Amino acid sequence: MVDKTYWNYVCDVSINFIAITSDRLATIAGRIGYEHDLGNARKMLFEQFGVVPGLSIKDKLKASVLIGGKVEHLEIWSTLPDEAKAIYVNEVLGLKDTD
């Protein structure tokens, strides 16, 4: 006959393993979702430069790299109203003072 303490130990180890695995899977799923959202935002970025008058395709590509390359820049861009986006892009590209 097997000792009950052994089975209690096996059950405790199993429960801990399941809990740790569940937490890690939740973290991984969150990261995947976050990366997917960032990827979609970066895809849409080039199209959104249409609200900025006077940008050449080269300017749009450069701004896509500069703004889409850092999460902080992408977050700023996504929260700005359209009239502020032109100022922000020109500032990032160093094109001209739009004030």
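Before any of the text, the structure's been laid out above.
A quick note: this is a predicted structure, and the numbers were derived from the prediction, not measured.

What counts as what
Residues numbered from 1 in each chain as written. Predicted model: local features only at pLDDT ≥ 70, side-chain atom pairs only at ≥ 80, totals over all residues. Heavy atoms only, no water. Helix = DSSP H or I, 4+ residues; strand = E, 2+ residues; numbered from the N terminus. Contact = heavy atoms within 4.5 Å. Areas by Shrake-Rupley, 256 points an atom, 1.4 Å probe, with all protein chains shown as cover. Core = buried A, V, L, I, M, F, W, Y, C linked by side-chain atoms within 4.5 Å. Buried < 20%, exposed > 50% of the residue type's maximum accessible area, 1.4 Å probe, protein only. Patch = residues over 30% accessible without salt bridge, like charges linked within 9 Å, V, L, I, M, F, W, Y side chains within 5 Å. Salt bridge = Lys/Arg side-chain N within 4 Å of Asp/Glu carboxyl O. Phe/Tyr/Trp six-rings, centres within 6.5 Å; stacked < 30°, edge-to-face > 60°.

1. A closer look at the overall build of the protein chain
Next, step 1: Along its length, the protein chain carries 4 helices and 0 strands.
Next, step 2: Overall, the protein chain shows an N-to-C arrangement of helices and strands of α-α-α-α.
Next, step 3: Long-range pairs, those at least 24 residues apart, make up 55% of the contacts in the protein chain between residues at least 6 apart in sequence.
Next, step 4: Approximately 7,600 Å² of the protein chain is accessible, and the part contributed by carbon and sulfur atoms is 62%.

2. A word on the nonpolar core
Next, step 1: Membership of the largest hydrophobic core comes to 13 residues, with the highest contact counts inside it found for Phe49, Ile67, Trp77 and Val89.
Next, step 2: With 4 residues, helix 4 (residues 82-93) is the single largest residue contributor to this core.

3. What to know about a nonpolar patch on the surface
Next, step 1: The grouping of Leu25, Ile28 and Ile32 at the surface amounts to a nonpolar patch, some 300 Å² of accessible area in total.
Next, step 2: Relative to the elements of secondary structure, Ile32 occurs in helix 1 (residues 4-48).
Next, step 3: Its relative accessible area of 56% is what places Ile32 among the exposed residues.

4. Examining the packing of aromatic side chains
Next, step 1: The final tally for this structure, using the stated rule, is 2 aromatic pairs.
Next, step 2: Judged by centre distance (5.5 Å) and plane angle (70°), the ring pair of Tyr6 and Trp7 falls under edge-to-face.
Next, step 3: Here the aromatic rings of Phe49 and Trp77 are separated by 5.0 Å at their centres, their planes lie at 70°, and the arrangement is edge-to-face. Within this pair, whereas Phe49 is found in the loop between helix 1 and helix 2 (57-68), its partner Trp77 is found in helix 3 (residues 71-79), the two being separated by 28 residues in sequence.
Next, step 4: Here Phe49 falls in the buried class, since its relative accessible area comes to 0%.

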